[in-house]
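Working through the structure, step by step
Chain by chain, the residues:
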Amino acid sequence: MQRFFREKRIMANKWIFILSSIIPALLTTGCVNERTVSPIKMDVIDVVFASGYLVKESQYMVIANTEGFINESMVNEGDSVHIGDGLFRLSNQVQSVQLDNARSSYRDALNKVDPNSPQLKQLELQIDQAEVQLRLDSTNFERYQDLVRTNAVSRSDFDKVKAQYEKSMANVAILKKSLSDLKRSLQLNLKNAKDQLEIQRENNEDYFIRSRIRGVVQHVYKEHGELVKRGEQIAEIGGGADLVKLFVAEEDISNIAVGQKARIALNTEKVYRFDAQITKIYPAFDESEQSFVVEARFLNRPETLFTGTQLQANIVIAEKKGALVIPNDYLLRDDKVILEDNGDTLSIEIGLRTSEWAEVLNGLDLHTVIRAPKNTME
């Protein structure tokens, strides 16, 4: 049996009918333009139309974190890049000086915390000398304690020796505290110098722009020698899988669900159609597009895809095999038809409807003959 397939793209909330075995039915019941007709069977597919374009799974805009002239461009459009690859180098004379100063400060702070640094060695030497003096004063104090008990020395001489001993103890304690404070101060200075060095290194990295993703350079917006301002876009990189971004009208979005199939027509492919599947529905209305945004992934993809390619899609929201349909022109108001055998009107239950066809849910069968309204016969 010969099969005919007809695909019609219709704007939102319309239907696509894929007709099968129409010729035999029309031969037995007459064509649409004849006075009478009987219902026929068709495979019905309910679709929602959407337009859109191709995007990459990861779209990365290369943004300048600082201001400067482009001294070096290391990539061109179409180049493949990996994470960390250099893209652009900006002029940074002032920043280079600041980085050198930070390195010098860090080296100086690192030298000062070294155990052999002059500052620490000098204080440690003073402590050693003070401890030697303390030992002498301690011995002398013990000796005078024994002598004063036997009245061999005067009380005033003993008090002088005791005062000297206590002074030596206090001196040693002060010097040790000074050494501890100095070490803490030097460590703090080292930490601050290291932090400043890291900050200057990060600031310097702002002038050397690297890729944050693996992908392909799609656009380069600035050329060698151009001034780039902070926050300005320099290039765009796309990575990951090719995705279909679709824009769906407000009245249709409630019919869309993840997992539904879509038939994609690319503007770069005039002959072929490609199957895709809905994978994501954005929760918010896109004000700029005045539509809801839906993403789909290809089930069978072209060999060559170009990001940004415009496209159209029919999203299949329901399918029905062997639906009973009649020409839409044979319907009266309130979903009534005229019976051929007696001319009476009959109310029927209608399901799907387009400008050409109406699905009959109840009231007619394949053998019922209906008459066209008079206004369609004139």
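As the structure is a computational prediction, the values presented were derived from the model and not from experiment.

1. Looking at the packing of helix H2 (residues 93-112) against helix H4 (residues 155-205)
Relative orientation of the contacting elements H2 and H4 amounts to 155°, with a least axis distance of 8 Å. Here H2 lies roughly antiparallel to H4, going by the angle between them. When you trace H2 past H4, the crossing you get is left-handed. Note on element contacts: H4 touches H2 through Leu186, Asn189, Leu190, Ala193, Lys194, Gln196, Leu197, Gln200, Arg201, Asn203 and Asn204, opposite Gln95, Ser96, Gln98, Leu99, Ala102, Arg103, Ser105, Tyr106, Ala109, Leu110 and Lys112. Classifying every residue of the contact of H2 with H4 by side-chain character gives nine nonpolar, nine polar and four charged.

2. Some details on the nonpolar core
Val244, Leu246, Val248, Ile256, Ile264 and Ile315 are the most contacted members of the largest nonpolar core, which totals 22 residues. Among all residues touching Val244, those that are not within four sequence positions of it are Tyr53, Leu54, Ile264, Val294, Glu295, Ala296, Phe298 and Leu311. Membership of the second largest hydrophobic core comes to 21 residues, among which are Ala109, Val113, Leu120 and Leu186.

3. Details of the sheet that holds strand E4 (residues 68-73)
With antiparallel pairing, the four strands of this open sheet are ordered in space as E7-E6-E4-E9. The open sheet terminates on both sides in strands that have one partner only, identified here as strand E7 (208-210) and strand E9 (227-228). Pairing between strand E6 (residues 86-90) and E7: three bridges, direction antiparallel. When the bridges of E7 are listed, Phe88 appears paired with Ile209.

4. Quick notes on the environment of Asn192
Structurally, Asn192 is set in helix H4. Looking at Asn192, the relative accessible area reads 39%, which means it is partly exposed. Along the primary structure Asn192 and Tyr106 are separated by 86 residues, whereas in three dimensions their C-alpha atoms are 8.4 Å apart.

5. Some words on the pattern of salt bridges
In this structure the tally under the stated criterion is 19 salt bridges. One salt bridge in this structure joins Lys56 and Asp242, with 3.2 Å as the shortest N-O distance. Residue Lys56 is found in strand E3 (residues 40-63), and its partner Asp242 is found in strand E10 (residues 233-248); the two are separated by 186 residues along the sequence. Asp242 carries the same exposure label as Lys56, and that label is buried.

6. Things to note about the sheet that holds strand E15 (residues 336-339)
The strand order across the open sheet formed by four strands is E2-E19-E15-E16, and the pairing between neighbours is antiparallel. With one partner strand each, in any of the chains shown, strand E2 (36-37) and strand E16 (345-347) form the two edges of the open sheet. As paired strands, E15 and strand E19 (residues 370-371) are joined by two bridges and run antiparallel to one another. Its bridge partner being in E19, Leu339 is matched across the sheet by Ile370.

7. So, the packing of helix H3 (residues 118-149) against H4
Two numbers describe how H3 lies on H4: the axes approach to 8 Å, and their chain directions differ by 160°. With respect to H4, the axis of H3 lies roughly antiparallel. Where H3 crosses over H4, the two elements pack in a sense that is left-handed. When grouped by side-chain class, the residues that make up the contact of H3 with H4 number 17 nonpolar, ten polar and eight charged.

8. Some points on the packing of aromatic side chains
Evaluated as defined, the whole model comprises four aromatic pairs. Ring centres of Tyr53 and Phe247 lie 5.8 Å apart, and the angle between their planes is 45°; this geometry places the pair in the tilted category. Of the two residues, Tyr53 is situated in strand E3 and Phe247 in strand E10; the sequence distance between them amounts to 194 residues. The exposure class assigned to Tyr53 is partly exposed, which follows from its relative accessible area of 25%. On the basis of an interplanar angle of 75° and a centroid distance of 5.2 Å, the ring pair of Phe285 and Phe292 is categorised as edge-to-face.

9. Quick look at the side chain of Asp137
Structurally, Asp137 can be placed in helix H3. Buried charge without a partner: Asp137 forms no salt bridge, and the closest opposite charge is Lys167, 8.5 Å away. Sequence-distant contacts of Asp137, that is, excluding residues within four places in its chain, are made with Gln164, Tyr165 and Ser168.

10. Here's the deal with the pairing of E6
Summarising the sheet, E4 and E6 pair through three bridges and their orientation is antiparallel. Across the sheet, residue Glu72 finds its bridge partner in E6, namely Arg89.

11. Here's the deal with the environment of Lys336
With respect to the helices and strands, the residue Lys336 is situated in strand E15. Along the primary structure Lys336 and Gly363 are separated by 27 residues, whereas in three dimensions their C-alpha atoms are 9.7 Å apart. Lys336 has contacts with Tyr330, Leu331, Thr345, Leu346 and Ser347, leaving out every residue within four places of it along the chain.

12. Quick look at the pairing of strand E13 (residues 291-298)
The buried fraction of E13 amounts to seven of the eight residues, a majority that puts the element mostly inside the structure. Note that E10 and E13 share six bridges and pair antiparallel. Within E13, the position partnered with Phe247 by the bridge is Val293. Two strands pair when backbone bridges link them, and strand E12 (residues 274-286) and E13 are joined in this way by seven bridges, in the antiparallel orientation. Residue pairing for E13: Lys280 is matched across the bridge by Glu295. Counting the residues that bridge the hairpin from E12 to E13 gives four residues, and of these Gln290 lies at a positive phi of roughly 55°.

Reading guide: rules and limits
- Residues numbered from 1 in each chain as written.
- Predicted model: local features only at pLDDT ≥ 70, side-chain atom pairs only at ≥ 80, totals over all residues.
- Heavy atoms only, no water.
- Axes fitted to C-alpha atoms, helices over the stretch in contact; angles between N-to-C directions.
- Helix = DSSP H or I, 4+ residues; strand = E, 2+ residues; numbered from the N terminus.
- Parallel < 35°, antiparallel > 145°, perpendicular 65-115°, else oblique.
- Left-handed = near helix turned anticlockwise from the far one by under 90°.
- Contact = heavy atoms within 4.5 Å.
- Nonpolar A, V, L, I, M, F, W, Y, C, P; charged D, E, K, R; others polar.
- Core = buried A, V, L, I, M, F, W, Y, C linked by side-chain atoms within 4.5 Å.
- Buried < 20%, exposed > 50% of the residue type's maximum accessible area, 1.4 Å probe, protein only.
- Pairing = 2+ DSSP bridges.
- Salt bridge = Lys/Arg side-chain N within 4 Å of Asp/Glu carboxyl O.
- Phe/Tyr/Trp six-rings, centres within 6.5 Å; stacked < 30°, edge-to-face > 60°.
- Lys, Arg positive; Asp, Glu negative; His and termini not counted.

The quantities given are spatial measurements derived from coordinates; they are silent on function.
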